Amino acid sequence: MVDAADSKSALGNKVLVRVRSSVMFEFEKYFAEKKLVCFDFDGLLVDTERLHHEAYMVTLKNMGFPLPLDFSIYCMIAHSDNRDLFEQTVRAKYRDFPHTWQEVRKQKTEKYRELLKQGKVKAMEGAKEFVAFLHNQKIDTAIVTNSDRCDVEEIAKHLPFLNSISPWITRDDYQNPKPAPDGYLLALQKKNVAAKDAIGLEDTKKGIKALQNAHIDHLLINPLLPEPSHRALPSLLGLCPSIGDPAPNSNV
């Protein structure tokens, strides 16, 4: 699925990684000169989206209004720029839905946190390896997320590699959520890094918009992509060069 060509000194030589559809991704083009890599959290570093999906489905079922959405459809709704789209979807199916969305979110959050405490969350493919690779290359990192700090802290108990990333810019730290740039601007401020010297990795279009609004270079990483391009990859694993001899022809 991934055919990587690397050298023993990743930043000293061209690093090319072949991903699905035979697109050649140039690691050095996007990362070699960067001082800071900003990571989104949910769906990018950690596979929490499935837990969010499960928590919503259980909550609605317990309320007596089951909503049979498969995971891919849920993600399309959850990742939309329209923050009210999920509520609109529920109310379109159940015209007599009696609950406020504040009630739904409260019960969903409680269920989601139950799942986190059970240790059900997993790292996304390539996340741990890519974070370690960046640290080996002395490239600084930060997390910028719409999630609450208490949730990030709980997840880090089960996935300790997250503690190697600092700072964590969480929803508690800024006023306007993505697609507003507030979180990313705060990360730049805390690291004292100019926008041109940073790059952000996101798994949603609203996250990409937040990076664009902050004037930060960006890549979209999403396993549900139908076809990756030079600005999008299906997983972080595509950014992890293998250790070995240089490819015979690095210009392919």
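The structure presented is a predicted model; accordingly, all values stated were derived computationally and were not measured. (Residues numbered from 1 in each chain as written. Predicted model: local features only at pLDDT ≥ 70, side-chain atom pairs only at ≥ 80, totals over all residues. Heavy atoms only, no water.)

Enquirer: Could you clarify how one ought to interpret the pairing of strand S7 (residues 198–202) in this entry?
Expert: As a general feature of sheets, a regular strand has side chains that alternate between the two faces. With 5 of 5 residues buried, S7 is to be regarded as a mostly interior element. Alternating residues of S7 divide into Ala198, Gly200 and Glu202 and Ile199 and Leu201, and every residue in both groups is buried. The sheet contact formed by strand S4 (residues 36–39) and S7 spans 4 bridges and is parallel. Residue pairing for S7: Phe39 is matched across the bridge by Leu201. Pairing of S7 with strand S8 (residues 217–221), which is carried by 4 bridges, proceeds in the parallel orientation. (Buried < 20%, exposed > 50% of the residue type's maximum accessible area, 1.4 Å probe, protein only. Helix = DSSP H or I, 4+ residues; strand = E, 2+ residues; numbered from the N terminus. Pairing = 2+ DSSP bridges.)

Enquirer: Honestly, the pattern of salt bridges in this entry has me stumped. Any pointers?
Expert: Note that side chains of opposite charge can pair when their charged atoms are close. Counted according to the given criterion, the structure contains 13 salt bridges. Where Lys35 meets Asp197, a salt bridge forms, and the shortest distance between an N and an O atom there is 4.0 Å. Residue Lys35 is located in the loop between helix H1 (27–31) and S4, and its partner Asp197 is located in the loop between helix H8 (182–191) and S7; the two are separated by 162 residues in the primary sequence. Looking at Asp197, the relative accessible area reads 14%, which means it is buried. Of the charged contacts, one joins Arg149 and Asp173 as a salt bridge, the two residues approaching to 3.1 Å between their closest N and O atoms. (Salt bridge = Lys/Arg side-chain N within 4 Å of Asp/Glu carboxyl O.)

Enquirer: What's the story with the sheet that holds strand S6 (residues 168–169) in this structure? I'm lost.
Expert: Strand pairing in a sheet relies on backbone hydrogen bonds. The paired strands run either parallel or antiparallel. Taken together, the 6 strands give an open sheet; going across it, the order is S6-S5-S4-S7-S8-S9, and neighbouring strands pair in parallel fashion. Each edge of the sheet is formed by a strand with only one pairing partner; in this case those strands are S6 and strand S9 (232–233). Helix H6 (residues 127–136) contacts S4, strand S5 (140–144) and S7 of the sheet and is inclined by roughly 160° relative to S4. (Contact = heavy atoms within 4.5 Å. Axes fitted to C-alpha atoms, helices over the stretch in contact; angles between N-to-C directions.)

Enquirer: What is the right way to look at the nonpolar core in this model?
Expert: For soluble globular proteins, the rule of thumb is that nonpolar side chains tend to be buried together. One finds Phe31, Phe39, Leu45, Phe130, Leu162 and Leu201 to be the most contacted residues of the largest nonpolar core, which totals 37 residues. When residues in this core are grouped by element, the largest group, 5 residues, is from H6. Core analysis: the second largest hydrophobic core is formed by 20 residues, Ile169, Leu186, Ala187 and Ala214 among them. (Core = buried A, V, L, I, M, F, W, Y, C linked by side-chain atoms within 4.5 Å.)

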